[in-house]
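Fold and contact review
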Amino acid sequence: MNGTTRPVLVVGSGPTGLLLAGDLAAAGVPVTVLEKRPREISNLSRAFVLHARSLEQLDARGLADGLEAVGRPLDRFRLFGRLTLDLSALPSRFNHLLVIPQYEVERALLRRAEEAGARLRYETEVTGLAQDADGVTVEVRAAGGRRPERLRAAYAVGADGMRSAVREALGVPFPGRRVIRSVLLADVRLTEEPGSLLTADATGDAFAFLAPFGDGYHRVVCWHRGRTAPDRRPPGLAEIKEITRLALGRDFGMHDARWTSRFHSDERQAPVYRVGRVFLAGDAAHVHTPAGGQGMNTGLQDAANLSWKLAAVVRGHAPEALLDTYQAERHPVGRSVLRSSGGIVRLATARPPWAPVARAAATTVLRHAGPVRRAVTGRVTGVGYAYRAPRGAHRLTGRRVPDVALAGGGRLYEALRGGRFVLIGPREYEARDGREGRLAVARWAGGRRTTVLVRPDGYVAWAAEAADAESVEAALAAHVG
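Conventions used here
- Residues numbered from 1 in each chain as written.
- Predicted model: local features only at pLDDT ≥ 70, side-chain atom pairs only at ≥ 80, totals over all residues.
- Heavy atoms only, no water.
- Helix = DSSP H or I, 4+ residues; strand = E, 2+ residues; numbered from the N terminus.
- Contact = heavy atoms within 4.5 Å.
- Pairing = 2+ DSSP bridges.
- Axes fitted to C-alpha atoms, helices over the stretch in contact; angles between N-to-C directions.
- Phe/Tyr/Trp six-rings, centres within 6.5 Å; stacked < 30°, edge-to-face > 60°.
- Buried < 20%, exposed > 50% of the residue type's maximum accessible area, 1.4 Å probe, protein only.
- Lys NZ or Arg CZ within 6 Å of the ring centre and 35° of its normal.
- Expected span 1.5 Å × (residues − 1).

Moving on to the environment of alanine 270. Along the chain, alanine 270 falls in the loop between strand 17 (255-269) and strand 18 (274-275). Taking C-alpha positions, alanine 270 is 8.5 Å from leucine 280, a pair spaced 10 residues apart along the chain. In this structure, alanine 270 is in contact with Arg167, Val172, Pro173, Phe174, Leu280, Ala285 and His331, ignoring residues within four places of it in sequence.

Here it is, written out as structure tokens:
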């Protein structure tokens, strides 16, 4: 063994791994990220949408405004035909989605992680993993290295994608199925601009989706029922143009393709996200169809849920049992995302003659049934999820807290920065010493009487009506440490 490295090893430097590493480093937890790719950030990644809940999490890290300046906001998300999600009424500061390529998100998260002190090791491939009661041993091989190296840590997180080496080393199954084959991707220039920022439509046999990158190129995603080929066979521009014409009626003068690819889409979920001292997050834990743009977003929210818990346990502020809540809270969300994204793609690819009827029915329901519309938009954007509260807890416990105004002109997601809990009440409580840097105390800007303790990931840890100082202190001792 080559010796101990840091308390936490994160495998994978995609958005999930980088947000997690940045949070740990910002909390004072030394962390090393292992990545088998070279350092450069690829512009060929598939994700290109940030939803409201992810933007809120990025706002709590001081990154959302910078990304908003780079991306393009859209308050309506057209899926196909007239089936459109209107996001303008979302109960969020970010009542829109942000069209932005994944590499811009990775660049911002990488800068934050490195500035906070996270160490990144590129061209380092995980070849094995073992754990015992005291820690985790990860075997790696660096590029050009003749002999494997063994790294030791208290905990490890596999954020290394669908073909996760960490998950395979743990022996965790990845059950599911292939949903759609031979989906084509391309980055192209257009002679004719589409009529809307995101253009999507489907016939019974084809669908196509266009999204701008902001650098003169558009990402095209398209599929045809009768055109299947192995993933290893890249499509030509002529094939992509033809399928786009079938789905959208025209190809917008596509030219100058800088990249094309073919892939298949699976629905899979690991049955467990934690095995001892090792965790799975992002695509290593769940994969699903790209419909709804929920992939990168779900991984970012996995990381936001796990990071503060790991930091609290490593620093001795919480018992290790807190880490069990990661599985309890995030696994149901992953399962729900599989169902919602799968439902969208099945509607888009349904066969005639009943497909138009099904799409028309879905459109009618979303237009006229308010509770259904709010539930669908809440799940797609992430703002509608809540975590199960213990029996007897206040009705707000486990719910997401929007970016409420605080007395003095501040707002909640600014107060959450630094990975802190935030106690909000009708008056400012004087918390006992010893929680510096881990707790912010604030008052409501309005006249609310409820006292709420907000977790670092923006969900309610504890709440009470007309709480006294003793009950507040008991809640802080139980949750903040």
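What the three strands build is an open sheet, ordered 9-10-11; its pairing is antiparallel. The sheet terminates laterally at strand 9 (124-131) and strand 11 (149-153), the two strands that pair on one side only. Neighbouring strand axes in the sheet, compared pairwise and without regard to direction, differ in orientation by 30 degrees on average. As paired strands, strand 9 and strand 10 (residues 136-142) are joined by seven bridges and run antiparallel to one another. Counterpart to leucine 129 in the pairing with strand 10 is valine 138.

Tracing the sequence through the fold places valine 401 in the loop between helix 10 (370-381) and helix 11 (412-415). Residues valine 401 and serine 92, 309 residues apart in the sequence, show an inter-C-alpha distance of 9.4 Å. Among all residues touching valine 401, those that are not within four sequence positions of it are Leu412, Tyr413, Val454, Gly458, Tyr459 and Val460.

So, on to the pairing of strand 17. In the sheet, strand 13 (residues 176-189) pairs with strand 17 via 10 bridges, with the strands oriented antiparallel. When the bridges of strand 17 are listed, leucine 184 appears paired with arginine 262. Both strand 17 and strand 20 (residues 286-287) contribute to a ladder of two bridges, which runs antiparallel. Note that in strand 20 the partner of arginine 268 across the bridge is valine 287.

Let us now look at the packing of aromatic side chains. For the structure shown, the criterion picks out seven aromatic pairs. Both rings, one in tyrosine 273 and one in tyrosine 326, keep their centres 5.8 Å apart while their planes meet at 45 degrees; by these two values the pair is tilted. Of this pair, tyrosine 273 sits in the loop between strand 17 and strand 18 while tyrosine 326 sits in helix 8 (residues 324-349), and the two are 53 residues apart along the sequence. Across the pair, exposure class does not vary: tyrosine 273 and tyrosine 326 are buried alike. Site record: aromatic cluster; members linked through ring pairs are Tyr155, Tyr273, Phe279 and Tyr326. Between arginine 258 and the ring centre of tyrosine 217, over which it is positioned, the NZ or CZ distance is 4.1 Å.

The end-to-end C-alpha separation of helix 7 (residues 295-314) is 28 Å, in line with the 28 Å expected for 20 residues at 1.5 Å each. Most of helix 7 is tucked away: 18 of the 20 residues are buried. Positive phi appears at glycine 316, one or two residues downstream of helix 7, with a value of about 80 degrees.

Attention now moves to the sheet that holds strand 24 (residues 460-465). Strand order in the open sheet formed by four strands is 22-21-23-24, with mixed pairing between adjacent strands. The open sheet has two free edges, formed respectively by strand 22 (439-443) and strand 24, since each of these has just one partner strand. Averaged over neighbouring strand pairs, the angle between their axes works out to 15 degrees when direction is ignored. In this sheet, strand 24 lies alongside strand 23 (residues 450-454) in antiparallel orientation, the contact comprising five bridges. Bridged to leucine 453 within strand 24 is tryptophan 462.

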